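Below are the chains, spelled out letter by letter.
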Amino acid sequence: MNRIFGSSSTKKPKPTLQDAINATDARVASVEVKIRKLDGELLRYKEQMSKLRSGPGKNAIQQRALRVLQQKKLYEGQLNQLQQQTFNMESAALTTDNLRNTMATVDAMKLANKEMRKQYGKIDIDKIENMHYDMEELLEQANEIQESLGRSYAVPDEIDEADLEAELDALQLEEEEEGPSYLADLNKVPDFLDDTPVETSEPTTKEAVKTT
């Protein structure tokens with residue numbers, strides 16, 4: 001029996017809001033086509049009446065034009081209603097989409113809040129503070145070690161500018177009393193030599209025999 005007459009489970013799904021909008025838009029397009037057709041008839045009747053004088057013929061055409069104008073007004077009223085329905089349905093669809101997006105945003109925020117609480121629950125602020133203090137102590141110890149390793153030995157702690165100038169004056173005075181440094185010019189001839197040395201030639205064999 002279900003195969004012949006069908007069952008309640010095989011009913012078609014109800015049209016959605018977008019389906020209703022599409023159907024209304026199709027009706028609007030159909031009415032607009034009819035209104036354009038009636039506009040064409042009115043123009044034709046207007047041309048005919050402009051060529052006729054007052055009389056029965058012109059009156060007959062005028063009556064036809066009035067009936068066409070009444071139909072046009074009727075379709076224009078339907079068109080306004082359909083356009084208003086489309087606007088209302090589109091507004092409802094937009095509101096529905098906004099609500100859907102809002103709910104999705106709220107759900108995402110709830111999930112993020114839950115996850116943040118879960119993560120922050122694993123953090124102990126006291127441990128972080130203790131770690132911070134330990135790090136400061138370690139840095140201070142490291143600085144003390146560096147200062148200890150860089151300590152100078154047998155060097156006066158304070159040497160002012162006056163001490164430095166006195167030391168330089170003393171060095172200059174010692175240099176003037178002792179004379180120039182022996183390292184100033186190693187190739188200089190000693191001062192104790194009065195004359196320049198004279199080169200002598202070696203005696204020949206004959207001269208050596210005579211002397212003997």
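- As named in an unreviewed UniProt entry, the chain is Snf7 family, taken from Suillus fuscotomentosus.

Some remarks on the packing of helix H2 (residues 17–51) against helix H3 (residues 56–120)
- Where H2 meets H3, the closest approach of the two axes is 8 Å, and the angle between their N-to-C directions is 160°. The angle between H2 and H3 falls in the class roughly antiparallel. For the pair H2 and H3, the sense of crossing is left-handed.
- Partitioning the contact of H2 with H3 into residue classes produces 20 nonpolar, eight polar and eleven charged.

Overview of the confidence of the model for the chain
- The pLDDT averaged across the chain works out to 78; a share of 73% of its residues lies at or above 70.
- Mean pLDDT across the elements of the chain ranges from a minimum in helix H6 (residues 205–211), with 47, to a maximum in H3, with 91.
- Taken together, the stretch residues 208–212 has pLDDT below 50 and engages in zero contacts with residues farther than four places along the chain or on a different chain.

Concerning the pattern of salt bridges
- Evaluation of the coordinates by the stated rule reveals three salt bridges.
- Salt bridges linked by common partners bring Asp39, Lys72 and Glu76 together as one network.

Some thoughts on a nonpolar patch on the surface
- Together, Met116, Tyr120, Ile123, Ile125, Ile128 and Met131 give the surface a local cluster of nonpolar side chains, amounting to about 630 Å² of exposed area.
- Broken down by secondary-structure element, the contributors of at least two residues to the nonpolar patch are H3 and helix H4 (125–149).
- Looking at the nonpolar patch, the element that brings in the most residues is H4, giving three residues.
- Position of Ile123 among the secondary structure elements: in the loop between H3 and H4.

Details of the environment of Val68
- Mapped onto the elements, Val68 comes out in helix H3.
- Note on Val68: relative accessible area 6%, which makes it buried.
- Taking the C-alpha atoms as reference, Val68 lies 9.7 Å from Tyr45; in sequence the two are 23 residues apart.
- If we skip the residues at most four places from it in the chain, Val68 touches Leu38, Glu41, Leu42 and Tyr45.

Cut-offs and rules
- In this numbering scheme, every chain counts its residues from 1 along its sequence in written order.
- In keeping with the model being predicted, local features are shown solely for residues with a pLDDT of at least 70 and side-chain atom pairs are shown and tallied solely at 80 or more, while totals for entire chains, interfaces and linings include all residues.
- By convention in this description, side-chain values take in all heavy atoms of the structure and omit both hydrogens and water.
- Every axis corresponds to a line fitted to the C-alpha atoms, with the helix fit spanning only the stretch in contact, and the corresponding angles, defined between N-to-C directions, vary from 0 to 180 degrees.
- Helix and strand definitions follow DSSP, with helices as H or I runs of at least four residues and strands as E runs of at least two, each counted in order from the N terminus.
- Roughly parallel here means an angle under 35 degrees, roughly antiparallel means over 145, roughly perpendicular means 65 to 115, and every remaining angle is called oblique.
- Should the near helix be turned anticlockwise from the far one by less than a right angle, the crossing is termed left-handed; should it be turned clockwise, right-handed.
- Classification used: nonpolar for Ala, Val, Leu, Ile, Met, Phe, Trp, Tyr, Cys and Pro, charged for Asp, Glu, Lys and Arg, polar for all others including Gly.
- As a per-residue quantity, pLDDT reports the predictor's confidence and falls between 0 and 100.
- We call two residues contacting when some pair of their heavy atoms lies within 4.5 Å.
- One speaks of a salt bridge when a side-chain nitrogen belonging to Lys or Arg is within 4 Å of a carboxyl oxygen belonging to Asp or Glu.
- The residues that make up patches have over 30% relative accessible area and no salt bridge, and they are joined within 9 Å when like-charged or within 5 Å when they are Val, Leu, Ile, Met, Phe, Trp or Tyr.
- Exposure was quantified through the Shrake-Rupley algorithm and a 1.4 Å probe, taking into account, for residues, occlusion by the shown protein chains and nothing else.
- Partly exposed describes any residue whose relative accessible area lies between the buried limit of under 20% and the exposed limit of over 50%, with all areas from a 1.4 Å probe on protein chains only and scaled to the type maximum.

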